[in-house]
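Here is how the chains run, residue by residue.
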Amino acid sequence: MDGYDISAIGWPHDHPKRLEAVKFLQEKNPNSEKNSPEGLVGLERRFLMFNGAVGKEQLKWLDGILQEATEMRQKVVICCHLPLDPGASSREALLWNYDEVMDLIHQYNCVKVCLAGHDHKGGHSIDSHGIHHRVLEAALECPPGTDAFGYVDVYNDRLSLNGTDRMESTEMCFYP
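Remember, it's a predicted structure, so these values are computed and weren't measured experimentally.

Asker: Would you mind going over the overall build of the chain with me for this structure?
Answerer: Helix and strand counts for the chain come out as three helices and seven strands. For the chain, the α and β elements follow one another from N to C terminus as α-α-β-α-β-β-β-β-β-β. Relative to the globule expectation of 16 Å for 176 residues, the C-alpha radius of gyration of the chain, 17 Å, shows essentially globular dimensions. Per-residue burial for the chain yields a buried fraction of 45% across its 176 residues. Put simply, 52% of the contacts in the chain that link residues at least 6 apart link residues at least 24 apart. Surface summary for the chain: the accessible area is close to 9600 Å², and the carbon and sulfur share equals 53%. Here the chain contributes 17 positive and 27 negative side-chain charges, whose respective centroids are spaced 3 Å apart.

Asker: Any chance you could explain the pattern of salt bridges here in plain terms?
Answerer: Side chains carrying opposite charge are able to pair once their charged atoms draw close together. Counted according to the given criterion, the structure contains eight salt bridges. Note that Asp157 is salt-bridged to Arg158, the shortest N-O span being 2.8 Å. Several salt bridges converge on common partners, so that one network encompasses Asp157, Arg158 and Glu171.

Asker: How should I be thinking about helix α1 (residues 16-28) in this particular structure?
Answerer: Because an α-helix packs 3.6 residues into every turn, residues spaced three or four apart end up facing the same way. Between its terminal C-alpha atoms α1 stretches 18 Å, which fits the 18 Å expected from 13 residues at 1.5 Å a residue. Residues of α1 that are buried: Arg18, Ala21 and Leu25. For α1, the angular spread of buried residues about the axis comes to 60°, placing them on one side. Away from its buried face by more than 90 degrees, α1 exposes Pro16, Lys23, Gln26 and Glu27.

Asker: What's the story with the pairing of strand β7 (residues 170-173) in this structure? I'm lost.
Answerer: Along any regular strand, the residues point their side chains to alternate faces of the sheet. With burial as the criterion, only one face of β7 is covered, namely that bearing Thr170 and Met172; the residues Glu171 and Cys173 on the opposite face remain uncovered. Direction of pairing for strand β6 (residues 158-165) relative to β7: antiparallel, over a ladder of four bridges. Along β7, the bridge assignment pairs Ser160 with Glu171. Taking the residues that link successive antiparallel strands as the turn, the β6-β7 hairpin has four residues.

Asker: Explain the packing of aromatic side chains here, please?
Answerer: Two measures describe an aromatic ring pair: the distance that separates the ring centres and the angle between the ring planes. A full pass over the atoms with the stated rule returns two aromatic pairs. Among the aromatic residues, those joined into a cluster by ring pairs are Phe24, Phe47 and Trp96. In this arrangement the basic side chain of Arg158 is found over the ring face of Tyr155, its NZ or CZ atom lying 3.9 Å from the centre.

Asker: Hey, could you run me through the side chain of Asn51 in this one?
Answerer: Inspection of the secondary structure puts Asn51 in the loop between α1 and α2 (56-71). Take Asn51: its relative accessible area is 0%, and that puts it in the buried class. A distance of 2.9 Å separates the side chain of Asn51 from the backbone oxygen of Arg46, its partner in a polar contact. A distance of 2.8 Å separates a polar side-chain atom of Asn51 from the backbone oxygen of Glu92. Not counting residues within four places of it along the chain, the set of residues in contact with Asn51 comprises Tyr4, Ser7, Arg46, Leu82, Glu92, Ala93, Leu94, Trp96 and His118.

Asker: Explain the environment of Val101 to me, please; I cannot follow it from the model alone.
Answerer: When you line up the elements, Val101 lands in helix α3 (residues 98-105). Taking the C-alpha atoms as reference points, Val101 and Leu159, 58 residues apart in sequence, are found 22 Å from one another. Each residue touching Val101, except ones within four places of it in the same chain, is listed here: Met1, Val54, Leu59, Leu62, Leu84 and Leu95.

Cut-offs used in this document
Along each chain, the written sequence defines residue order, and numbers are assigned to residues from 1. In view of the model being predicted, local features appear only for residues whose pLDDT reaches at least 70, and side-chain atom pairs are presented and counted only at 80 or more, with totals across whole chains, interfaces and linings using the full set of residues. The side-chain figures draw on all heavy atoms in the structure; neither hydrogens nor water molecules are used. Put simply, DSSP H or I for four residues or longer makes a helix, DSSP E for two residues or longer makes a strand, and each gets a number counted from the N terminus. Radius of gyration: over C-alpha atoms. The globule rule applied is 2.2 Å multiplied by the number of residues raised to the 0.38 power. Residue exposure (1.4 Å probe, protein chains only): buried if accessible area is under 20% of the type maximum, exposed if over 50%, otherwise partly exposed. Contact criterion: two residues are considered in contact whenever any of their non-hydrogen atoms come within 4.5 Å of each other. To measure how exposed things are, a 1.4 Å probe is used in the Shrake-Rupley method; for residues, cover is taken only from the protein chains shown. Here Asp and Glu are counted as negative and Lys and Arg as positive; His is not counted, and neither are the chain ends. One atom stands in for each charge, and that atom is NZ of Lys, CZ of Arg, CG of Asp or CD of Glu. Within this document, salt bridges are pairs made up of a side-chain nitrogen of Lys or Arg and a carboxyl oxygen of Asp or Glu, the two lying within 4 Å of each other. Take the residue count of a helix, subtract one, and multiply by 1.5 Å to get its expected span. This arc is built from the directions going out from the helix axis to the C-beta atoms. What makes two strands pair is DSSP finding at least two bridges between them. Under the pairing criterion, centres of Phe, Tyr and Trp rings, with the six-membered ring standing for Trp, must be within 6.5 Å; the plane angle then separates stacked pairs below 30 degrees from edge-to-face pairs above 60, leaving the rest tilted. Placement of a positive charge over a ring is assigned whenever Lys NZ or Arg CZ falls within 6 Å of the ring centre and within 35 degrees of the normal to the ring plane. Two N or O atoms form a polar contact when they lie within 3.5 Å of each other; inside protein one atom must be a possible hydrogen donor and the other a possible acceptor, and for residues adjacent in sequence the pair counts only when both atoms belong to side chains.

In C-alpha cells form, the structure reads like this:
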C-alpha cells in the first residue's frame, strides 16, 4: 500500500493530494514546524509532515483485494512503508489513518502479517485480531561495521524472518 498517497511530500506543490495533506496537517498539528510533535499527545503525535495517509480510492481497492482473497481462501501479507499498529512502532511513525485501514483489514480473516518500515528501530506486535505487525529495522541507522537485513521464509502457517546483525529474527505464526 502507498502510505504517501495523501502526503505533503513527494507530490508537486499544487497537486490535489498534497493540498489535501497540507489542509489535514493544518487541522491536526498546530505547530508551525509540521515535523514537530511538540504539544501533540499520544496517538496525535503521528500527525507529522514526514508521514502520510492511504486515500479513499486505495482503501476501496484494498477492500476489493481482501474480498477476493477471502473468497479464494488466500492468506495476505500487507506491505506499507508506514506502520499500521501503534504496538509495533513509535507514535511519530504511524500512518495518519492507520485506524481506518485497520478497521477495514479487521473485517477480514485473510490478513496475517503487515510489514512496514519508517520507524528505524524496528518493532513487532500482534494486534487484537491476531495479525502480526513487523516494522523492519533500518540499515540507514547501522553504525559502521554493522548491518540490518534479512530474508523471509514463507510457510502455510507462518512467516519466518531470518535477520542478520541488527535485524531481529521473528517467527510470525498464523492462528486459525
